[in-house]
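Overview (structure and organization)
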Amino acid sequence: MGLARRLYRGEIDVDFVGKWRLWYSLSGALLLVSILGLLINGLNLGVEFRGGTVFSFKTSQNLTVEQIREDIREEGVHQVIVQSAGDGWRVTTETLEEDFRAEVQSAIAKDFNVPVGDVSVQAIGATWGGEVSQKAWIGLGVFMLAIILYLSMAFEPKMALGAIVALFHDLVITAGIYAWSGFEVTPATLLGFLTILGYSLYDAVVVFDMIKEVTAKLGHTSKMTYSMAANNALNHTLIRSLNTSLVAILPVAAILFIGTTLLGAGTLKDLSLALFVGMVVGTYSSLCVATPLLVTLKEREPKYQAIAKRLASTKGSGKGAKGGPKSAAVAKG
Amino acid sequence: MARPTSRHSRPGRTLLVLLALILAMGATMLLQKAFTPKLGLDLAGGTTVTLSPVTLNNASPPEEILDRAVNIIRDRVNGTGISDAEVAKSGDNIIISIPGVGQSEAIKLVATTAELRFRQVLAMEATQIPQDLATNAPSPSAAPSATGTGTPSARQSAQPSSSRSAGPAPSASPTGKALSSALTAPTPSASAPADPSATQSSQGQNDQGAKRGQGKATPSASPSQQASTPPAQEQNPGVNPEGIDPAVLAQFNKLNCADPANRGQGVQDDPNKQYAGCEADGSYKYVLDVAKVVGTDIDTASAGIRQGTTEWVVQLDFKSKGAGAWADLTQKAYNSQEPRNKVAVVLDGVVITAPNIISPIPGGRAEITGGFDQLSATTLADQLKYGALPLKFNRSSIDTVSSTLGQDQLKGGLIAGLIGLVLVVIYSLLYYRGLGIVAVLSLVVATIITYCSVVVLGHNANFRLSLPHIIGLVVSIGITADSFIVYFERIRDEMKEGHRTLRAAVEVAWVRARRTILIADAVMFIAAIVLYFLAVGGVAGFAFAMGLTTLIDVVVVFLFTKPFIALLARLKFFAKGHPLSGLDAERMSDASGSARPTTPQEA
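Small disclaimer: the values here were computed from a predicted structure and weren't measured. (Residues numbered from 1 in each chain as written. Chains lettered and ligands numbered in written order. Predicted model: local features only at pLDDT ≥ 70, side-chain atom pairs only at ≥ 80, totals over all residues. Heavy atoms only, no water.)

Digging into the overall build of chain A
A tally of regular secondary structure across chain A gives 12 helices and 6 strands. Counting all 333 residues of chain A, 58% fall into the buried class. In chain A, of all internal contacts separated by at least 6 residues, the share reaching a separation of at least 24 is 79%. If you sum the accessible surface of chain A, you get close to 13800 Å²; carbon and sulfur atoms cover 64% of it. (Helix = DSSP H or I, 4+ residues; strand = E, 2+ residues; numbered from the N terminus. Buried < 20%, exposed > 50% of the residue type's maximum accessible area, 1.4 Å probe, protein only. Contact = heavy atoms within 4.5 Å. Areas by Shrake-Rupley, 256 points an atom, 1.4 Å probe, with all protein chains shown as cover.)

Considerations on unusual backbone geometry
The backbone phi angle of Asn113 of chain A is positive, close to 60°, even though this residue is not glycine. A positive phi angle, near 45°, is found at Arg433 of chain B, a position not held by glycine. When you line up the elements, Arg433 of chain B lands in helix α13 (residues 403-460).

A short note on the pattern of salt bridges
All told, the structure shown has 16 salt bridges over all chains when counted by the stated rule. A salt bridge links Lys298 of chain A to Glu156 of chain A; its shortest N-O distance comes to 2.9 Å. Highlighted residues: Lys298 of chain A in helix α10 (residues 267-298) and Glu156 of chain A in the loop between α6 (126-154) and α7 (157-181), separated in sequence by 142 residues. Accessibility classification places Lys298 of chain A together with Glu156 of chain A in one group, the buried group. Note that Arg515 of chain B is salt-bridged to Asp209 of chain A, the shortest N-O span being 2.3 Å. Of this pair, Arg515 of chain B sits in helix α16 (residues 502-534) while Asp209 of chain A sits in helix α8 (residues 187-215), each in a different chain. Residue Asp209 of chain A is classed as buried on the basis of its relative accessible area, which comes to 1%. Each of Glu156, Lys158, Lys298 and Glu301 of chain A takes part in one network of salt bridges that share partners. (Salt bridge = Lys/Arg side-chain N within 4 Å of Asp/Glu carboxyl O.)

Topic: the UniProt feature "transmembrane region" (unreviewed entry) in chain A
Residues and elements named next belong to chain A. UniProt annotation of "transmembrane region" (unreviewed entry) refers to residues 21-40, 136-153, 160-181, 187-208, 246-265 and 271-295 when read in the numbering used here. Here residues 160-181 is 100% helix and 0% strand, with 31 Å between the C-alpha atoms at its ends. Taken end to end, residues 187-208 has its terminal C-alpha atoms 32 Å apart, with 100% of it in helix and 0% in strand. (UniProt positions renumbered as here; feature names shortened; annotations may be inferred.)

Considering the packing of α8 of chain A against helix α15 (residues 477-497) of chain B
Describing two packed helices takes the angle between their axes plus the distance from one axis to the other. In contact at an axis separation of 12 Å, α8 of chain A and α15 of chain B are set at 20° when each is read in the N-to-C sense. As the angle between them shows, α8 of chain A and α15 of chain B are arranged roughly parallel. Handedness of the α8 of chain A/α15 of chain B crossing: right-handed. Residues Tyr199, Tyr202, Val206, Asp209, Met210 and Glu213 of chain A of α8 of chain A touch α15 of chain B, and the partners they reach there are Gly478, Ile479, Asp482, Ser483, Val486, Arg490 and Asp493 of chain B. Taken together, the residues of the contact of α8 of chain A with α15 of chain B break down into 6 nonpolar, 2 polar and 5 charged. (Axes fitted to C-alpha atoms, helices over the stretch in contact; angles between N-to-C directions. Parallel < 35°, antiparallel > 145°, perpendicular 65-115°, else oblique. Left-handed = near helix turned anticlockwise from the far one by under 90°. Nonpolar A, V, L, I, M, F, W, Y, C, P; charged D, E, K, R; others polar.)

What to know about the pairing of strand β12 (residues 350-353) of chain B
All names here are of chain B. The pairing of strand β11 (residues 343-347) with β12 spans 3 bridges and is classified as antiparallel. Across the sheet, Leu347 pairs through a bridge with Val350, a residue of β12. Connecting β11 to the antiparallel partner β12 that follows it, the hairpin turn spans 2 residues, and Asp348 within it adopts a positive phi of roughly 50°. (Pairing = 2+ DSSP bridges.)

Focus on the confidence of the model for chain B
Where the model shows low pLDDT, its predicted coordinates should not be examined in detail. All names here are of chain B. Confidence in the prediction for chain B averages 70 pLDDT; 68% of positions are at 70 or higher. Under a pLDDT of 50 for its full length, residues 1-7 has, in the predicted model, 18 contacts with residues more than four places off or in other chains. pLDDT under 50 marks residues 589-603. Its contacts with residues more than four places away, or in other chains, come to 22 contacts. For this predicted complex, the interface confidence comes out at an ipTM of 0.76, alongside a pTM of 0.65. (pLDDT = per-residue confidence, 0-100.)

Side note on the interface of chain B and chain A
With 76 residues of chain B at the contact, the number on the chain A side is 68 residues. At the junction of chain B and chain A, the tally comes to 3 salt bridges. Across the salt bridge formed by Glu213 of chain A and Arg512 of chain B, the nearest N and O atoms sit 3.1 Å from each other. Across the contact surface, chain B and chain A share 6 residue pairs in polar contact (both at pLDDT 80 or more). (Polar contact = N/O pair within 3.5 Å; in protein donor to acceptor, adjacent residues only side chain to side chain.)

Some details on the sheet that holds strand β7 (residues 275-278) of chain B
All names here are of chain B. Judged by pairing direction, the sheet is antiparallel, and its 5 strands sit side by side in the order β7-β8-β5-β11-β12 without closing on themselves. Either end of the sheet is taken by a strand with one partner, and the two such strands are β7 and β12. Neighbour-to-neighbour, the strand axes of this sheet turn through a mean angle of 50°, independent of strand direction. The strands touched by helix α10 (residues 246-254) are β5 (116-126), β7 and β8 (284-294); relative to β8, the strand with the most contacts, the crossing angle is about 140°. Of the strands in this sheet, β5, β8 and β11 are in contact with helix α11 (residues 320-334), which crosses β8 at around 145°.

Overview of α13 of chain B
Residues and elements named next belong to chain B. With 58 residues, α13 extends only 24 Å from end C-alpha to end C-alpha; this falls clearly short of the ideal 86 Å at 1.5 Å per step. Tyr432 marks the point of greatest bend in α13, at about 140°. Phi turns positive, to about 55°, at Asn462, one or two residues after α13. (Expected span 1.5 Å × (residues − 1). Bend = angle between axes of the 7 residues up to and from the residue.)

Overview of the nonpolar core
Membership of the largest hydrophobic core comes to 150 residues, with the highest contact counts inside it found for Leu151, Ile211 and Tyr226 of chain A. Top element by residues in this core is α8 of chain A. It accounts for 18 residues. Apart from residues no more than four positions distant in its own chain, Tyr226 of chain A is found in contact with Glu156, Met159, Ile211, Thr215, Leu218, Leu294, Val295, Lys298, Glu299 and Tyr304 of chain A. Judged by nonpolar contacts, the second largest core, of 26 residues, contains Ile298, Leu329, Val343 and Leu384 of chain B. (Core = buried A, V, L, I, M, F, W, Y, C linked by side-chain atoms within 4.5 Å.)

Here you go:
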């Protein structure tokens, strides 16, 4: 039976938990590469963090980047970065004084035949982005605290820990992708990052909910170790996880598409790019990081160690049997 | 919210509740004739200025000071005549939104720290102030004793800080109450006639009938009664038209400072012209000379306690250029007759204080004394330092969006939302087939409720749809979709595992799915709340949209998806597991095919 068909019927049984070594090394490698990227390349911070002035306008004239750059340089502006999207243009310059800014604005309007009112100007102080990112960090901290509390109450502390670690994982890897690719980081990107956290947790929460339900039945006589049960639960919700992620990514992909083709650089693109990258990483992590981590933590508990020991000596039977020996390894790990 | 119990749910009734909810919103929209959302400036075009407070050590400024700044800026914006502008606090920042394009002048004015002007008083007159305020005015004994003495009681005086002993000489002032209103009440009564009735005719001013009547009723006014209406009883003694621009004098005569709306808060007075203005609390009106010294001449100002006393004073240091002008100004005032011996400090068009000049003040240092307490002294020092705004602000971002660009972005956002919706719909129909219809309708219902909410919020809570909102709304299509995916998968699980009828499965699955959906939505909601309260600029809008749609998601799942599926489960098409229903036997069967697929029976 084809994978698609099996997926459709919900008949897949992937040993996510048993392959923990693979996931851990994969994630470890990704984290390492990401951190290296952040150290070597750093993030390409947008004008919001450096401070500067951005002029945006649309014109039906056929212009080249060079033409616009030269034209604005002639006004006496030094750093000119020109970006285009369709017939829209975005020109980033250094911080300009108020009067000078108005001068450049009217020069653009005159030279490219655009009504002055249609030239948008964005002046950003250098402290602005710093403030945004400071708030973002505070937001991150408060969010994590709130979530740890909430998940500890709704589920249990170990699940909260698993979810938070997976979340950090997503964050670092997404940042790493930004570092290596050189995508611009703007406040909208930070916004995207913060949203990823919500999604990443959302996914983990649904999986954990199922794991909690399944493992609640485990007792002295049960035929499944915690890892087997967790893996079962994971497979149970796999279709849902994949469907959810796909359904969530579709609109984001639409924004990304519109943002890049129609509007060019701007809030839409920055946000959706971060979301897109983060969601893909988040889907992976909730399956392959959060749950294996939870299992690693849980299998240390005497109760589940006893089950694992007993099942390792006798031959496991039943649905989760084939995951048995591998899962036992998790307990040691 | 309806909480159907497992077996005896009443799907029809729940759906009616939803219908009522939507109709109520629709009716609200109809009644208010509001059918489109209000658009934020990034979509409608306009300018957004973000002011960030500059503080030492980056600490957050106190809430009340920020509020004061917001109020002052709001006054100024309104003073410029721009309609529909908004001044709002966002965290420590103040965000000014001005619709329309080409408002750069207004922005410059609004966001600039107002300049202070030092103007010599040319004439002044007390306002007929309401009774309750009058009791705060000079104490009873003041009126008689001050008659004709001509000695300034110097509750307020500017003087060189060096000649400490000379300054507070008349500090035996009978009116030395440490009331903040004392700040604004110099020594008008010094020349006030003792007979209150004498002033009645001369002062033919309006709307003082009631008080006048009272005054007349007691012609043999005792000092204490006099005092209750003291500063009013002035025989226009200060108005000596000499050297006053007739136009300004006319303005002065018309000025009624009793009405707070007339006090000119937010007006930018031209430093090169004479000016007629009110005291901040409306107790006096003044004709003021051109500004000889302005705020930029001040180096620094501070509040402190004068050495060896417990008296709060405000110290001023002038820059070198300002020091000379200040010396000239005080010399001139010193040589003038009452009330021209006063120098008024004008801020945002309003006289904040008008101390007497007791001696010429050379050397670039000055001290304002009289009736201050710590708060009033600090406030005045701050005003002198920063202008009217109690804080220094940085314009951390100015964003001018042309309406065409805004329209483009709105279009882009809507197209993206539409594409996203269509993709989700296609996917749901392909994957869930018959159930996909439930998914699609759930999305439609969610869209309708969202649209209505945005419109109703726009017209009742001034909620303005901005680009971050739209992104937030589009992104939450995924959240809404996830809820019914969770539910569908649970139904399919139930069908696979137990030998349940579809109707039973729908109910049992709901109990479990409900828990998951609520927990997951709670996570999103926590995220939204945290983002909203810690956010800067667009982040708050995005978070708001996310929180709103999370709530709407709960409403839709509880009031629509669940009852609708319960209704569908009664249909043969679904109950019998038609291949197109999404609940067909093939999908429900085990991998091995050994377990008999449960063909759901109609209950």
